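Chain by chain, the residues:
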Amino acid sequence: MAEILVIAEQRDGAFRSASLEAIAAANSVKGEDDRLAVAIIGADPNAFVSDLSVEGVDEVIAIKAGSNDFQPDLVEAVVATLAEARKPALIAAAHGVDAWSYAPTVAAKLGFGFASDVQALRYEDGQLVATRAGYAEKVLVDLDFPGKEVVLVTIRTNVFDPAGGVGAPTVTAMDAPACEVSTTHVGWKEPEDAGGIDIPGSDFILSIGRGVGDESNVEQFLEMADQLGATLGCSRPIADNGWLPKARQVGQSGQLAANCRLYIAMGVSGSVQHQWGMKHVETIVAVNTDPEASIFSIARYGVVGDMFEIAEELENHF
Ligand SMILES: Cc1cc2nc3c(=O)[nH]c(=O)nc-3n(C[C@H](O)[C@H](O)[C@H](O)COP(=O)(O)OP(=O)(O)OC[C@H]3O[C@@H](n4cnc5c(N)ncnc54)[C@H](O)[C@@H]3O)c2cc1C
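From a predicted model like this one, the values you see are computed outputs, not experimental measurements. (Residues numbered from 1 in each chain as written. Predicted model: local features only at pLDDT ≥ 70, side-chain atom pairs only at ≥ 80, totals over all residues.)

### Re the domain arrangement of the chain
Note the cut-off: These domain boundaries are the output of an automatic or database domain assignment.
Each domain of the chain was delimited in the assignment, giving domain 1 (3-175) and domain 2 (204-316). Put simply, the middle of domain 1 and the middle of domain 2, counted by C-alpha atoms, are 35 Å apart.

Okay, here's the thing in structure tokens:
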């Protein structure tokens, strides 16, 4: 029997649903005899037990801390304490700002195997194999961890369906271990006012890129998106130029088109950073004058052509 440990997250007292994706990743390699324990740290950790009572979770470890503030040193101490006590073969956490600040450090300090931004897990001949992207997302890389008794992985979000169903985990209460805290929580960044623009919540996005040419051409695509019932998205240069608000930017440093089912990309080349926010979408339609544009490599339907001519064609069919 192997023990698997997931480090779940809360932010300012609100449960982070990305933790359910880390649980799903753990479940994907959990054998019948394995045990999955999920640890969560907070001022009132019991408040998260119901969020974590999903299929596959055998135990919730509710760790009481002095506040809900995120402290990487504290999470490091928790992982070290639980690793020592439980000897998990696998530790998983969501790939995000929290894990970025403690996971590599704790893995290096404790000599764990480590892989970040993992998209798939499997066992091969009894050895864990983690799949992640490499070379700026151009290839998928399989990593194994020879000689490592514990492997810590961070799980890419929006790859695993969040764990669901109803579980009946036991709950273990624990006080946060004492540790020296070297960081100070100064406050939370106020969310930018998105002015009602909801890229993550939209199921149909029409995105424009630098192919739009000039700011004066943007308005017609706003109108077109409106007529189509789509949300207008854009690539970063369009937002950087101030032609559209940042809330419309799709990609790594913008928004994730998390719930999108149809994504029309017009005049977007398809950089890895843009793809980060939309390549998972089921139906991608690309319009680009350059047949070699990268966007075509992920598009289900591609039109090699001028976005203004295609827009006109579409408008004729409204
Ligand atoms: C750290 C970092 C983070 C980043 N984050 C993001 C991000 O979140 N989102 C993002 O989008 N980018 C991001 N970028 C920028 C990214 O690298 C690209 O520069 C950007 O995505 C390119 O935008 P684009 O496709 O609109 O422009 P271009 O790459 O210039 O592509 C324009 C495309 O339009 C086509 N075209 C031209 N005229 C027409 C026409 N009339 N009809 C049809 N097609 C036409 C061209 O063939 C070309 O393929 C980031 C970069 C870095 C370094």
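### Description of the packing of helix 5 (residues 218-228) against helix 8 (residues 307-316)
We count it as follows: Each axis is a line fitted through C-alpha atoms, taken for helices only over the stretch in contact, and angles between the N-to-C directions span 0 to 180 degrees. Starting at the N terminus, helices and strands are each numbered in turn, a helix being any DSSP run of H or I of at least four residues and a strand any DSSP run of E of at least two. Rotating anticlockwise by less than a right angle from the far helix to the near helix defines a left-handed crossing, while the corresponding clockwise rotation defines a right-handed one. What counts as a contact is two residues whose backbone-derived C-beta atoms lie within 7 Å of each other. Any residue that is not Ala, Val, Leu, Ile, Met, Phe, Trp, Tyr, Cys, Pro, Asp, Glu, Lys or Arg is counted as polar, Gly included; the first ten are nonpolar and the last four charged.
Close contact between helix 5 and helix 8 brings their axes to 11 Å; oriented N to C, the two are set at 35°. Both helix 5 and helix 8 take part in a crossing whose hand is left-handed. Across from Gln220, Phe221 and Met224 in helix 5, the residues of helix 8 making contact are Ala311, Leu314 and Glu315. Each residue belonging to the contact of helix 5 with helix 8 can be placed in one class, and the counts come to four nonpolar, one polar and one charged.

### Structural notes on unusual backbone geometry
A negative phi holds for most residues other than glycine; trans holds for most peptide bonds. Formally: Partly exposed residues are those whose C-beta has more than 12 but fewer than 20 other C-beta atoms within 10 Å; with 20 or more the residue is buried, with 12 or fewer it is exposed, and the C-beta atoms are placed from the backbone.
Positive phi is not limited to glycine here, since Asp12 has a value of about 55°. Here Asp12 is to be found in the loop between strand 2 (10-11) and strand 3 (14-15). Its 11 C-beta neighbours within 10 Å are what place Asp12 among the exposed residues. One non-glycine residue with positive phi stands out, namely Asp117, at about 55°. By secondary structure assignment, the location of Asp117 is in strand 7 (residues 113-124).

### Looking at the sheet that holds strand 8 (residues 127-134)
The line we're drawing: Each pair of strands is called paired provided DSSP finds at least two bridges between the two strands.
If you walk across this open sheet you meet the nine strands as 9-8-7-10-6-1-4-5-11, and the pairing is mixed. The two strands at the open ends of the sheet, each matched to only one other strand, are strand 9 (139-144) and strand 11 (170-175). Going from strand to strand, the sheet's axes swing by 35° on average, the running direction of each strand aside. Examined bridge by bridge, strand 7 and strand 10 (residues 151-155) share four bridges and lie parallel to one another. By the bridge assignment for strand 10, Val118 is matched with Ile155.

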